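Given next are the chains, with one letter for each unit.
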Amino acid sequence: MDTQQNFRIESDLLGEREIANDKLYGVLTLRGIENFPISNFHLNEYPRFIEGLAYTKWGAAEANFKQNLLTEEQYNAIVATCKEILEGKHHDQFPVDMIQGGAGTTTNMNANEVIANRGLQLMGYNAGEHKYLSPNDHVNCSQSTNDAYPTAIHLGLYASHLRLVPFIERLVASLRKKGDEFKTVVKMGRTQLQDAVPMTLGQTFHGFASIIEEEIANLDFAAKQFLTINMGATAIGTGICSEPNYAELATEAIAKITGWDVKLTHDLVGATSDTSEMVGYSSALKRLAIKLNKVANDIRLLSSGPRTGLNEIDIPARQPGSSIMPGKVNPVIPEVMSQVCYKVMGNDFTVTMAGDAAQMELNAMEPIMAQCCFESIDLIANGMETFRTLCIEGIKANADVCQGYVRNSIGIVTALNPIIGYKNSTKIAKEAIETGKGVYDLVLEHGILTKEDLDTILSAENMIQPVNLHHIKPLKQL
């Protein structure tokens, strides 16, 4: 190789290509770049996926070295390069589009070429001198894209899941903190956007926290499925081109390298065409997104106004809300949270359709499934952190507004129903609607209860939890 040139020549089945000397990737990666200018989603923007590829290639090298398929020098070079990648190095050398034909072959070869060419440098050779360390014969030894690629996806998504959970926990903690802060602020609950019965604003926020917190266990369950891999399946699950016991050795090595409870699937043929792990995890993300969107929508409703909406809470003002309406401030953070949720829901539909596309011994649509899952995790993590820091933590209660709604609401008649009876309650509610008078005032006006008894029934502590007030009796029936 002429080291004075700024490029090298690499070849494949289709012929020779010039590769810039400063690139660790090779001819297969170059063809992938040219063939798939599809999106702005590139592999180098998904570091956990790249880490998954490094874990996979490292594990394969461990097994191949034990089976005398690699020299010690080749093995050391592959492992050292994988460690560098796990340290965050060389990620810029993974430029291929996440959306690609070939069931992930471009991505697999991108990893093989980067590891081989960097390994050659560590061995004292030049990139491209593949007789010493080959992307196919050595880095991809005993593998096919059809087992290495899904294994890398599984490992990368599991790592992404571990990163996601703390974001959820921090949001839950912030909502709990607001729940405690607002525990004495009585407000009207609403069903079908109509007045229902009283509650506290604290109960609202604790409710938000609870429904989101529940999704951690659901996501954990779905993520654990990623720890079952099909390493050793090679092309279709029969293990062709691998040595006996290779699958077990590679899986054991990956488990040791990652420290995770990684297991080999019980049926390599079945697993090689099955992408249900991504379908399941994407569905779990959708569940979380639906709940986050509910919270974001409720925050927008509760803060609506300030003069003509509910105005029960104030959220932090983050930017002027209009280019034409002076003084307007929009709920931009809850709005962006909702948009993140819609994207995650849309990604789930794509994952579902792609998961349904498996044919015979492979699902060629794995690349779009992987892209959607990795993107959804990143989006929902970033969305929750923004929602927490720029909105939830700065929310303030408008206690007087909340109390005014309670006193003027028809809904408080529900609290009187067990004492004065459904018929009396209905008549009071109807008269309140027709006259505009408050339920509180009408009960006293008609002499149904004493003021002392009415205040007891309508006290905050007696309206927000189960109580026994049957000792209070109505003075009359209407």
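Look a little higher up for the structure.
The structure displayed is predicted, hence computed values, not measured ones.

J.: Tell me what's going on with empty space enclosed by the protein, and back it up with residues and numbers.
T.: The tally for this structure, following the rule as stated, stands at one cavity of 30 Å³ or more. Here the largest cavity is characterised by a volume of approximately 30 Å³. Looking at the lining of the largest cavity, the element that brings in the most residues is helix 11 (residues 332–355), giving three residues. Residue composition of the lining of the largest cavity, by class: eight nonpolar, one polar and one charged.

J.: Tell me what's going on with the packing of helix 2 (residues 47–66) against helix 3 (residues 72–86), and back it up with residues and numbers.
T.: It is at 9 Å that the axes of helix 2 and helix 3 come closest, and there the two elements cross at 160 degrees. Classed by the angle they form, the pair helix 2 and helix 3 counts as roughly antiparallel. Like other packed secondary-structure pairs, helix 2 and helix 3 cross with a definite hand, here left-handed. Facing I50, E51, A54, Y55, K57, W58, A61, E62 and F65 of helix 2, the residues of helix 3 in contact are E72, Y75, I78, V79, C82, K83, I85 and L86. Taken together, the residues of the contact of helix 2 with helix 3 break down into 12 nonpolar, no polar and five charged.

J.: For the side chain of T251, give the residues involved together with the corresponding values.
T.: Relative to the elements of secondary structure, T251 occurs in helix 8 (residues 246–258). A distance of 2.8 Å separates a polar side-chain atom of T251 from the backbone oxygen of A247. Setting aside anything within four residues of it in sequence, one finds T251 in contact with I229, M231, V262, K263 and L264.

J.: Can you lay out the pairing of strand 4 (residues 194–200) for me, pointing to particular residues and giving the numbers?
T.: Where strand 3 (residues 186–191) and strand 4 come together, five bridges link them in antiparallel fashion. Note on strand 4: the bridge partner recorded for T191 is Q194. Between strand 3 and strand 4, which pair antiparallel one after the other, the connecting turn spans two residues, and Q192 there sits at a positive phi close to 55 degrees.

J.: Run through unusual backbone geometry, naming residues and quoting values.
T.: Note that the residue after G305, namely P306, is joined by a cis bond; omega there is 5 degrees. For P306, the position within the fold is in the loop between helix 10 (276–302) and strand 7 (313–314). Positive phi outside glycine occurs at H90, with the angle close to 70 degrees. Looking at the element boundaries, H90 is found in the loop between helix 3 and helix 4 (105–123). Even without being glycine, T234 reaches a positive phi, approximately 50 degrees. Here T234 shows up in the loop between strand 5 (228–229) and helix 8.

J.: I'd like a rundown of the environment of A358, residues and numbers included.
T.: As for its placement among the helices and strands, A358 is situated in the loop between helix 11 and helix 12 (366–390). For the pair formed by A358 and M123, sequence separation is 235 residues and the distance between their alpha carbons is 41 Å.

J.: Give me the packing of helix 7 (residues 201–224) against helix 10: which residues, what numbers.
T.: Closest axis-to-axis distance for the helix 7/helix 10 pair is 8 Å, and the angle between their directions is 170 degrees. Judged by the angle between their axes, helix 7 and helix 10 are roughly antiparallel. Tallied by class, residues from the contact of helix 7 with helix 10 come to 15 nonpolar, three polar and six charged.

J.: Before we move on, could you go through the pattern of salt bridges and cite the residues and values that matter?
T.: Under the counting rule described, the total for this entry stands at 22 salt bridges. Between E445 and K437 there is a salt bridge; the shortest N-O distance is 3.2 Å. Judged by its relative accessible area of 48%, E445 falls in the partly exposed class. Note on K437: relative accessible area 38%, which makes it partly exposed. One network of salt bridges, with partners in common, ties together R170, E385, R388 and E393.

Basis of the calculations
- Residues numbered from 1 in each chain as written.
- Predicted model: local features only at pLDDT ≥ 70, side-chain atom pairs only at ≥ 80, totals over all residues.
- Heavy atoms only, no water.
- 1 Å grid on protein atoms, 1.4 Å probe; cavity = no way out; pocket = protein on both sides within 12 Å on 5 of 7 lines; lining within 4 Å.
- Points joined across faces, edges and corners; volume = space filled by probe spheres on them.
- Helix = DSSP H or I, 4+ residues; strand = E, 2+ residues; numbered from the N terminus.
- Nonpolar A, V, L, I, M, F, W, Y, C, P; charged D, E, K, R; others polar.
- Axes fitted to C-alpha atoms, helices over the stretch in contact; angles between N-to-C directions.
- Parallel < 35°, antiparallel > 145°, perpendicular 65-115°, else oblique.
- Left-handed = near helix turned anticlockwise from the far one by under 90°.
- Contact = heavy atoms within 4.5 Å.
- Polar contact = N/O pair within 3.5 Å; in protein donor to acceptor, adjacent residues only side chain to side chain.
- Pairing = 2+ DSSP bridges.
- Salt bridge = Lys/Arg side-chain N within 4 Å of Asp/Glu carboxyl O.
- Buried < 20%, exposed > 50% of the residue type's maximum accessible area, 1.4 Å probe, protein only.

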